[in-house]
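Given next are the chains, with one letter for each unit.
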Amino acid sequence: MHTAKISGTGHYVPDRIVTNEYLSTLMDTNDEWITERTGIRERRWVEEGDGNTAATMGIKAARNAIKAAGIEPEEIGHIVFATISPDYYFPGCGVQVQEALGIHTAGATDVRNACSGFIYALSVGNAFVQTGMYEHVLVVASELQSPFLDKTTRGRGVSVIFGDGAGAVVLSRAKDGESGIKSCHMHSEGKNKEELTMKGFGTQHWIGELLDNGVDPEIHYPQMNGNFVFKNAVVRFGEVIGEALKQNGLTPDKIDCLIPHQANLRIAQFIQKRMGLRDDQVFNNIQKYGNTTGASIAIALSEAVDEGAVKRGDTVCLAAFGAGFTWGSVLLTY
Ligand code: UT7
């Protein structure tokens, strides 16, 4: 078995900054509520007509990751793309990366695991490299969510949280003696599928309902039972990080950087406290970008590398929880 290491990281977020104050002009909300309950101060939303889509943002992030890895696009053996906001219902965004970057006819796999998307995509890429199937795998996670949010008071429990952006990594076969990804854990619990969902566009809520009811906000906007999701998140994050530590014979003090999915700063702080981690052991950037769903860990990892919060040789734990429910963790030496 080979080891997969992260050889390059990159991210891209749209230029447009949307503040809590601005949101309070669209709906009955305020900076104090959003900051206190979520930690979010601003997020990036695409501007209509600025050319940003899940695929184009992902392509920009991918270019940065490939450059950082010091390889040429044609050396990529496979593309794994995580998103729940693809440009097309089908095909998936992976093929758009292949086309834009001219990656010969490399295979492209799309992953649709919402907030756990990057963890699942990374685990798929890891398996490809571990088995020796490919030497370099490009893993991209990107979300374009702002156009699909209910920006009225009715949707405020969801729409103030989410943002747009993309992150990417190149996974490469480690040389002898080099370290990399040590473990991947993934879980799901489908009984909670409707606790965080967008029902529209699925075949269970499709043409018939559209014809009968027109555009029904209930099924065409993301819906979340926020409190229930929060309570499950804090439990599952703890379990799946614990699983990673146990498999690798580590204790929390050995983690140099924990990067949790940026769902809510209160969730991250809750996990930090329970694990007894110092502030410098946890990386958060939800304050600036909001919750970018599948892209959040990829963006945070790339930013942590850029800022020196994650350095070569560091023990890094990535963990996610979200719709499905699905959750997972990846433990690695960067
Ligand atoms: O990324 C995928 C996974 N997602 C998560 O992990 C998110 C988990 N959930 C959460 O982060 C939190 O549940 C939220 C941030 C979504 C909501 O925070 P909360 O503390 O659970 O608030 P709540 O839903 O219990 O609502 C409390 C009150 C309600 O008013 P009443 O009924 O007490 O009068 C809401 O109507 O806050 C009201 N409210 C708002 N007020 C101002 C809800 N959204 C807003 C808002 N601005 N944006």
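About the thresholds
Residues numbered from 1 in each chain as written. Predicted model: local features only at pLDDT ≥ 70, side-chain atom pairs only at ≥ 80, totals over all residues. Heavy atoms only, no water. Salt bridge = Lys/Arg side-chain N within 4 Å of Asp/Glu carboxyl O. Helix = DSSP H or I, 4+ residues; strand = E, 2+ residues; numbered from the N terminus. Buried < 20%, exposed > 50% of the residue type's maximum accessible area, 1.4 Å probe, protein only. Near = heavy atom within 4 Å. Polar contact = N/O pair within 3.5 Å; in protein donor to acceptor, adjacent residues only side chain to side chain. Areas by Shrake-Rupley, 256 points an atom, 1.4 Å probe, with all protein chains shown as cover. Nonpolar A, V, L, I, M, F, W, Y, C, P; charged D, E, K, R; others polar. Expected span 1.5 Å × (residues − 1). Contact = heavy atoms within 4.5 Å. Axes fitted to C-alpha atoms, helices over the stretch in contact; angles between N-to-C directions. Parallel < 35°, antiparallel > 145°, perpendicular 65-115°, else oblique. Left-handed = near helix turned anticlockwise from the far one by under 90°. Disulfide = S-S within 2.5 Å. Domains from an automatic or database assignment. Buried area = accessible area lost by both parts, 1.4 Å probe. Phe/Tyr/Trp six-rings, centres within 6.5 Å; stacked < 30°, edge-to-face > 60°. Lys NZ or Arg CZ within 6 Å of the ring centre and 35° of its normal.

Participant: Would you mind going over the pattern of salt bridges in detail, with residue names and values included?
Facilitator: As enumerated under the stated definition, the model contains 11 salt bridges in all. As a salt-bridge pair, Arg 236 and Glu 239 come within 2.8 Å of each other at their nearest N and O atoms. Linking Arg 236 with Glu 239, this pair stays in helix H9 (residues 226-247), spanning three residues, or about one helical turn. Two residues, Lys 254 and Asp 253, come together in a salt bridge whose shortest N-O distance is 3.0 Å. Since its relative accessible area comes to 45%, Lys 254 is described here as partly exposed. Within this structure, Glu 189, Lys 191, Arg 236 and Glu 239 form a network of salt bridges that share partners.

Participant: Kindly report on the site of the ligand, identifying the contributing residues and their values.
Facilitator: The full set close to the ligand counts 23 residues, and Thr 29, Arg 37, Asn 227, Asn 264 and Asn 291 are the nearest of them. Thr 29 has a polar side-chain atom sitting 2.6 Å from a nitrogen atom of the ligand. Arg 156 is positioned such that a nitrogen or oxygen atom in its side chain is 3.0 Å from an oxygen atom of the ligand. Compared with its free state, where it exposes 950 Å², the ligand has 73% of that area covered by protein. Among the elements of the structure, helix H2 (31-38), helix H6 (156-159), H9 and helix H10 (265-275) are those that each provide at least two residues to the shell around the ligand. Considered class by class, the residues forming the shell around the ligand number 11 nonpolar, eight polar and four charged.

Participant: Tell me about the environment of Arg 43, and name the residues and values.
Facilitator: By secondary structure assignment, the location of Arg 43 is in strand S3 (residues 42-44). For the pair formed by Arg 43 and Gly 290, sequence separation is 247 residues and the distance between their alpha carbons is 4.9 Å. Here Asn 20 takes part through its side chain, which lies 2.9 Å from a polar atom of the side chain of Arg 43. Among the polar contacts made by the side chain of Arg 43, one reaches the main-chain carbonyl oxygen of Val 160 at a distance of 2.7 Å.

Participant: Describe helix H12 (residues 296-307), naming the residues involved and giving the relevant values.
Facilitator: End to end, H12 covers 16 Å across 12 residues, agreeing with the expected 16 Å (1.5 Å per residue, within 8%). Most of H12 sits inside the fold, with 10 of its 12 residues counted as buried. If you check which residues of H12 are buried, you get Ser 296, Ile 297, Ala 298, Ile 299, Ala 300, Leu 301, Ser 302, Glu 303, Ala 304 and Val 305. Within two residues after H12, Gly 308 carries a phi angle of roughly 80°, on the positive side.

Participant: Tell me about the environment of Cys 115, residues and numbers included.
Facilitator: Residue position: Cys 115 is located in the loop between strand S5 (107-111) and helix H5 (117-130). For the pair Cys 115 and Thr 83, spaced 32 residues apart in sequence, the C-alpha separation works out to 8.9 Å. Aside from chain neighbours lying at most four places away, what touches Cys 115 is His 261, Thr 293, Gly 294, Ala 320, Phe 321 and Gly 322.

Participant: Tell me about the packing of helix H3 (residues 54-69) against helix H4 (residues 94-101), and name the residues and values.
Facilitator: Between H3 and H4, whose axes approach to 9 Å, the crossing angle comes to 55°. By the angle class used here, H3 and H4 are oblique. Of the two possible hands of crossing, H3 and H4 adopt the one that is right-handed. Where H3 abuts H4, its residues Ala 55, Ile 59, Ala 62, Arg 63 and Ile 66 lie against Gln 96, Val 97, Ala 100 and Leu 101. A breakdown of the residues in the contact of H3 with H4 according to their chemical character gives seven nonpolar, one polar and one charged.

Participant: Quick one: what's the story with the state of the cysteines, residue by residue and with numbers?
Facilitator: A disulfide bridge is the covalent bond that connects two cysteines by way of their sulfur atoms. Applying the stated criterion across every chain, the model contains zero disulfides. No disulfide involves Cys 317; its sulfur sits 9.7 Å from that of Cys 257, the nearest cysteine. Judged by relative accessible area, which is 0%, Cys 317 ranks as buried.

Participant: Explain the domain arrangement of the protein chain to me, using residue names and the numbers behind them.
Facilitator: In terms of domain boundaries, the protein chain breaks down into domain 1 (4-173) and domain 2 (181-333). Listed per partner, the contact involves 49 residues of domain 1 and 49 residues of domain 2. Roughly 3800 Å² of surface becomes buried between domain 1 and domain 2 when both sides are summed, with 64% attributable to carbon and sulfur atoms. A per-residue breakdown of the area domain 1 buries against domain 2 is headed by His 11, Cys 115 and Ile 119, which together make up 17% of the total. Counting across the interface, domain 1 meets domain 2 through zero salt bridges. At the junction of domain 1 and domain 2, the tally comes to 17 residue pairs in polar contact (both at pLDDT 80 or more). It is H5 that provides the largest number of residues to the side of domain 1 that touches domain 2, a total of seven residues. Tallied by class, the residues present in the side of domain 1 that touches domain 2 amount to 22 nonpolar, 17 polar and 10 charged.

Participant: Give me the lowdown on the packing of aromatic side chains, citing residues and values where you can.
Facilitator: Summed over all chains, the structure comprises five aromatic pairs. An angle of 90° between the planes, with centres 5.4 Å apart, marks the rings of Phe 128 and Tyr 134 as edge-to-face. Centre to centre, the rings of Phe 321 and Phe 325 are 4.9 Å apart; their planes meet at 50°, and the pair counts as tilted. For the pair Phe 321 and Phe 325, a shared accessibility class is recorded, and that class is buried. Grouping aromatic residues by their ring pairs yields a cluster made of Phe 228, Phe 237, Phe 321, Phe 325 and Trp 327. We note Lys 151 situated over the ring of Trp 45; from NZ or CZ to the ring centre the distance is 5.4 Å. Lying over the aromatic face of Tyr 334, Arg 312 brings its terminal NZ or CZ to 3.8 Å of the ring centre.

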